[in-house]
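# Structural description and commentary
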Amino acid sequence: MSDDELLQRVAKALRIGGYGRHIFLCTHGDCAPSEACTASWKFLKRRLRELKLSEAEGGVFRSQAGCLRVC
């Protein structure tokens, strides 16, 4: 298997390219207490599942991020 084929398999397994939106949630910054960051992350995961947006084609991908300096 070539490197290109391997990358395509990995991308397909992760549904990269199939999402309609990508949310970056700051969970490692100085702007909010770590408890609030953890609670926000858990809420986001749960709510996206409830709305079936984390599984659907064109759905929402989520990533934890360090401080993005936008707030």
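Everything below is about the structure printed above this text.
Below or above, wherever it landed, is the structure these notes cover. (Residues numbered from 1 in each chain as written. Predicted model: local features only at pLDDT ≥ 70, side-chain atom pairs only at ≥ 80, totals over all residues. Heavy atoms only, no water.)

### Observations concerning the layout of surface pockets
The calculated volume of the largest pocket comes to roughly 160 Å³. Considering the residues around the largest pocket, the lining is formed by Cys26, Gly29, Cys31, Ala32, Ala36, Cys37, Ser40, Cys67, Leu68, Arg69, Val70 and Cys71. Considering every element that reaches the lining of the largest pocket, the biggest residue donor is helix α2 (residues 34–50), with three residues. Partitioning the lining of the largest pocket into residue classes produces nine nonpolar, two polar and one charged. (1 Å grid on protein atoms, 1.4 Å probe; cavity = no way out; pocket = protein on both sides within 12 Å on 5 of 7 lines; lining within 4 Å. Points joined across faces, edges and corners; volume = space filled by probe spheres on them. Helix = DSSP H or I, 4+ residues; strand = E, 2+ residues; numbered from the N terminus. Nonpolar A, V, L, I, M, F, W, Y, C, P; charged D, E, K, R; others polar.)

### A few points about the packing of aromatic side chains
A complete count under the given rule lists one aromatic pair for this structure. Taken together, a centroid distance of 4.9 Å and an interplanar angle of 50 degrees make the contact between Tyr19 and Phe61 tilted. One end of the pair, Tyr19, is in the loop between α1 (3–13) and β1 (21–28); the other, Phe61, is in strand β2 (residues 60–66), with 42 residues separating them in the sequence. Overall, Phe61 belongs to the partly exposed group, its relative accessible area being 32%. (Phe/Tyr/Trp six-rings, centres within 6.5 Å; stacked < 30°, edge-to-face > 60°. Buried < 20%, exposed > 50% of the residue type's maximum accessible area, 1.4 Å probe, protein only.)

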